[in-house]
Amino acid sequence: MQSPEILICGAGPTGLVLALWLTKMGVHVRIIDQTDQPGTTSRALVFHARNLEFYHQMEIDQLVIENGIEFKSGNLWVKGKKKAQIRFGDTGHGISPYPYAIIYPQDAHEQMLVDELQKAGVIVERNTELISYEQFSDGVVATLKKHPDTLEKCRTRFLAGCDGAHSLVRKELHDEFPGGTYEDIFYVADLEAEGPMANGQLNLAMDDADFLAVFPMKGEGRIRLVGAVRQGSDKEQITWDDVSKGIIDRLKIKVKKVRWFSTYKVHHRVASFFRKENVFLLGDACHLHSPVGGQGMNTGIGDAVNLSWKLTAVLKQQAPVSILDSYEPERIAFARRLVSSTDKVFEFINKRSALATGIRTRIAPYILSFLFKFRFVRRSIFLLLSQTQINYRKSILSEGISGKLKSGDRLPWVRFTNGTSIATDNFESLKSMKWQAHCYGLLSEGSKQLFNERGLNYHVFPWDNKIHSTGLKNSTIYIIRPDGYIGLAAVQSEPDTITRYLNKWNIRFSNPL
Ligand SMILES: Cc1cc2nc3c(=O)[nH]c(=O)nc-3n(C[C@H](O)[C@H](O)[C@H](O)COP(=O)(O)OP(=O)(O)OC[C@H]3O[C@@H](n4cnc5c(N)ncnc54)[C@H](O)[C@@H]3O)c2cc1C
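Residues numbered from 1 in each chain as written. Predicted model: local features only at pLDDT ≥ 70, side-chain atom pairs only at ≥ 80, totals over all residues. Heavy atoms only, no water.

Around the ligand, the structure places 30 residues, and the nearest of them are Thr 14, Asp 33, Gln 106, Asp 284 and Met 297. Between the ligand and the protein, one listed contact pairs an oxygen atom with a backbone N or O atom of Met 297 at 2.7 Å. The fraction of the free accessible surface of the ligand (1,000 Å²) that becomes covered by protein chains is 84%. Elements with a contribution of two residues or more to the shell around the ligand: α1 (13–24), β8 (128–136) and α7 (296–315). By residue class, the composition of the shell around the ligand is eleven nonpolar, 13 polar and six charged. Both domains that furnish three or more residues to the shell around the ligand are identified here as domain 1 (6–68 + 104–177 + 268–341) and domain 2 (69–100 + 183–265 + 351–390). (Near = heavy atom within 4 Å. Polar contact = N/O pair within 3.5 Å; in protein donor to acceptor, adjacent residues only side chain to side chain. Areas by Shrake-Rupley, 256 points an atom, 1.4 Å probe, with all protein chains shown as cover. Helix = DSSP H or I, 4+ residues; strand = E, 2+ residues; numbered from the N terminus. Nonpolar A, V, L, I, M, F, W, Y, C, P; charged D, E, K, R; others polar. Domains from an automatic or database assignment.)

This part covers the layout of surface pockets. Quantified by volume, the second largest pocket comes out at close to 1,100 Å³. Forming the boundary of the second largest pocket are 32 residues, of which Gly 94, Ile 95, Pro 412, Trp 413 and Thr 470 lie nearest the centre. Listing elements by their share of the lining of the second largest pocket, those giving two or more residues are α10 (375–386), β22 (415–416) and β23 (424–425). Residues belonging to the lining of the second largest pocket are distributed by class as follows: twelve nonpolar, eleven polar and nine charged. Three or more residues apiece are contributed to the lining of the second largest pocket by two domains, here domain 2 (69–100 + 183–265 + 351–390) and domain 3 (401–504). (1 Å grid on protein atoms, 1.4 Å probe; cavity = no way out; pocket = protein on both sides within 12 Å on 5 of 7 lines; lining within 4 Å. Points joined across faces, edges and corners; volume = space filled by probe spheres on them.)

Moving on, we get to the pattern of salt bridges. Taken as a whole and assessed by the stated rule, the structure comprises 22 salt bridges. Its salt-bridge partner being Glu 330, residue Arg 481 comes within 2.7 Å of it at the nearest N-O pair. Of this pair, Arg 481 sits in the loop between β26 (477–480) and β27 (486–490) while Glu 330 is found in helix α8 (residues 327–350), placing the two residues 151 residues apart along the sequence. Relative accessible area serves as the criterion here: at 1%, Arg 481 is assigned to the buried category. (Salt bridge = Lys/Arg side-chain N within 4 Å of Asp/Glu carboxyl O. Buried < 20%, exposed > 50% of the residue type's maximum accessible area, 1.4 Å probe, protein only.)

Further remarks concern the environment of Val 188. Structurally, the position occupied by Val 188 is in strand β12 (residues 179–194). The exposure class of Val 188 is buried, given its relative accessible area of 6%. Here the alpha-carbon distance between Val 188 and Ile 8, two residues 180 residues apart in the chain, equals 29 Å. Not counting chain neighbours up to four residues away, the residues in contact with Val 188 comprise Arg 224, Leu 225, Val 226, Trp 260, Phe 261, Ser 262 and Tyr 264. (Contact = heavy atoms within 4.5 Å.)

All right, on to the packing of aromatic side chains then. Throughout the structure, instances matching the rule amount to 19 aromatic pairs. For the ring pair Tyr 187 and Trp 240, a centre distance of 6.3 Å and an interplane angle of 75° mean the geometry is edge-to-face. Separated by 53 residues along the polypeptide, Tyr 187 in strand β12 and Trp 240 in the loop between β15 (222–229) and α6 (246–250) bring together distant segments of the chain. Judged by relative accessible area, which is 2%, Tyr 187 ranks as buried. For Trp 240, a relative accessible area of 13% corresponds to the buried category. Taken together, a centroid distance of 6.4 Å and an interplanar angle of 50° make the contact between Phe 274 and Tyr 327 tilted. Placement of Phe 274 in the loop between β16 (254–270) and β17 (275–276) and of Tyr 327 in helix α8 is noted, with a sequence separation of 53 residues between them. The same class applies to Phe 274 and to Tyr 327, which are both buried. The lysine or arginine in question, Lys 245, covers the ring of Trp 240, its NZ or CZ lying 4.6 Å from the ring centre. (Phe/Tyr/Trp six-rings, centres within 6.5 Å; stacked < 30°, edge-to-face > 60°. Lys NZ or Arg CZ within 6 Å of the ring centre and 35° of its normal.)

So this is what it looks like as structure tokens:
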């Protein structure tokens, strides 16, 4: 087999997205997985707006939307009684073309990615396990075991460890995985059920001793329960029969069939580094957090997108190897913030003291119900959960400051109607998955000449005062990275700033080979 430019270990969502983005950019990848088939259980359900934006770039967003269901609203129940309703429907209106979250089970999601990868000419190599690897200055030599017992050496320029919580790639680099594990055991059950909870909405329920989250799923009466196993958690094999049915009965959930039941422990860990020379860690291999907010898989996919365009640039000699130094600081900062914030919420939900129970069941529902009446609260929560607020302001790739919108921020989404019924937006051009310049207003002839000379695609959008609210400035130039973040914000009167930036990163826009 020809040596791949990148060997991807693990065909979970993180590895699959990495493989797909790289393949679309013409990079030769090999993706292996020790299992004989893609995941068959639903696991991650919630898919957020920022990742739909990335999927739009790869032109697979509609596959998720058509096969998923939109999160519309949620209800808060205390001791079997509905205490508040929270409407999510339009929370992200004007922020993202996808102003919602989607419920799309991980098994269907992985199969969709496998199919797209196959259409692009790459087959996931199953029954193939990475058992060790060695680093050299110019790459990595991995030893693969093709089940049952064929060993193979694979030479590659880069190795991407997308091999999940028990990552061998991580274990070879790190002595430990800093953080901890909560003692409690949690369960997840996908059910066919009847009753008021099968209402197509998210339902969060609390009792004095228990909590339960009920997620809607596609299909008549299909729901997912997530809760804690309070009794019998010391048993070796916990089954659905061990789950305390008190809160389930109080919510009048009539279970017709348990389609999938599993238990898990909640971890909060972040690896102390995400890269060593030619080896990278992504997804669950380098960060684990509580399921609060449905962030795990979403964050792994974010890692994959962040790394894929940088690897592409290096392999195509369109940027220096030093651009890869930006991967870890950009992603580890977010992973640490996420672990710490999801931990706080998780501890609040799970704490069993009388005080915590009192706050949860008597005070919190009223406060939450009151706060959710305010649009700015709903929008702040959307920004946080949707990952549209992630920025790389401190990155070595971010330069130039322009008002409240800074370099390192995600390019704000702007929709134009141009007086016709056909709407366009500034995200359409991101489908090229390449560097580009954006200008909202007038672009000078000098700037056009500069971009033409450098071979950098540019897009000029009409200025409209409504754009002002996004933070974009009239006639400022924004150099946009392939993943849709602002690399440089510069005024046109200082073309040297742009030249310096492009030279510093030696960014080229076509393959010199
Ligand atoms: C019940 C539950 C609910 C969740 N809900 C959400 C949610 O709503 N939203 C969300 O964003 N996240 C959620 N998560 C988290 C999400 O499932 C994980 O974050 C996600 O699966 C991580 O993807 P990954 O590709 O990084 O790793 P994994 O999915 O773990 O994939 C790793 C792959 O690597 C393979 N592998 C491992 N070692 C080797 C080796 N040595 N050689 C070859 N292959 C190897 C494995 O077989 C596996 O296929 C949930 C998790 C659980 C358990």
